[in-house]
Amino acid sequence: MHSFWLRANAILTFSITILAFMCAMASVSDCFNSASPSAQIQITNINWFQKQRNGNEEVSLTMNITADLQSLFTWNTKQVFVFVAAEYRTPKNAVNQVSLWDAIIPAKEQAKFRVQTVNKYRFINQGSNLRGKDLNLTLHWHVMPKAGMMFADKLVIPGYRLPKEYR
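Conventions and cut-offs
- Residues numbered from 1 in each chain as written.
- Predicted model: local features only at pLDDT ≥ 70, side-chain atom pairs only at ≥ 80, totals over all residues.
- Heavy atoms only, no water.
- UniProt positions renumbered as here; feature names shortened; annotations may be inferred.
- Helix = DSSP H or I, 4+ residues; strand = E, 2+ residues; numbered from the N terminus.
- Buried < 20%, exposed > 50% of the residue type's maximum accessible area, 1.4 Å probe, protein only.
- Polar contact = N/O pair within 3.5 Å; in protein donor to acceptor, adjacent residues only side chain to side chain.
- Contact = heavy atoms within 4.5 Å.

The protein carries the name Signal peptidase complex subunit 3 in an unreviewed UniProt entry, which gives Linum trigynum as its organism. The UniProt entry for the protein carries this comment under Sequence similarities (unreviewed entry): "Belongs to the SPCS3 family." Of the comments in the UniProt record for the protein, the one headed Subcellular location (unreviewed entry) reads "Endoplasmic reticulum membrane".

Pasting the structure below:
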């Protein structure tokens, strides 16, 4: 006969194998979710646009952010991290990204929102080449599942231009 420890080992191994299989199936089931989030971001005011003493430029924006991210939530979604970034080009760097606002959405019920906010983080550019610059506001999201792989995506909203003169 088998000892108690051999039987316990067999039951534990079988249980862990079933748990791993269930986690894998949960992860695969998220691949079939076709998310279709929508968002609008409007710049309602440029509070200030100034050159600092050290030569850098700083911008303060008031934004209206409207988003419906409910389609990102499935039974396997723990939370969604969402942030708005300003993206622009300069002669030195092909891609510049500055995070302006972020939030953690813990439930599907809170995934449809409208926020009016001043940029949460400072929008500072190294140098003096933002005047009259075109920029995109991009809504990024990272879906954090209960089991499986995290995935990220974004929605680019183009068509913004900074003033030609400091304010």
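So, next bit.
Chemist: Describe the side chain of His140, with residues and values.
Modeler: Residue placement: His140 occurs in strand β7 (residues 134–145). Overall, His140 belongs to the buried group, its relative accessible area being 10%. Separated by 3.2 Å, the side chains of His140 and Glu87 make a polar contact. With near-sequence residues (within four places) excluded, His140 lies in contact with Phe81, Val82, Phe83, Ala85, Glu87, Gln97, Asp153 and Lys154.

Chemist: Can you tell me about the environment of Val98, naming the residues and giving the values?
Modeler: Topologically, Val98 is positioned in strand β4 (residues 96–105). For Val98, a relative accessible area of 12% corresponds to the buried category. Residues Val98 and Leu137 lie 39 residues apart in sequence; the distance between their C-alpha atoms is 9.6 Å. For Val98, the residues in contact, after removing those within four places along its chain, are Val84, Ala85, Ala86, Tyr88, Arg122, Phe123 and Ile124.

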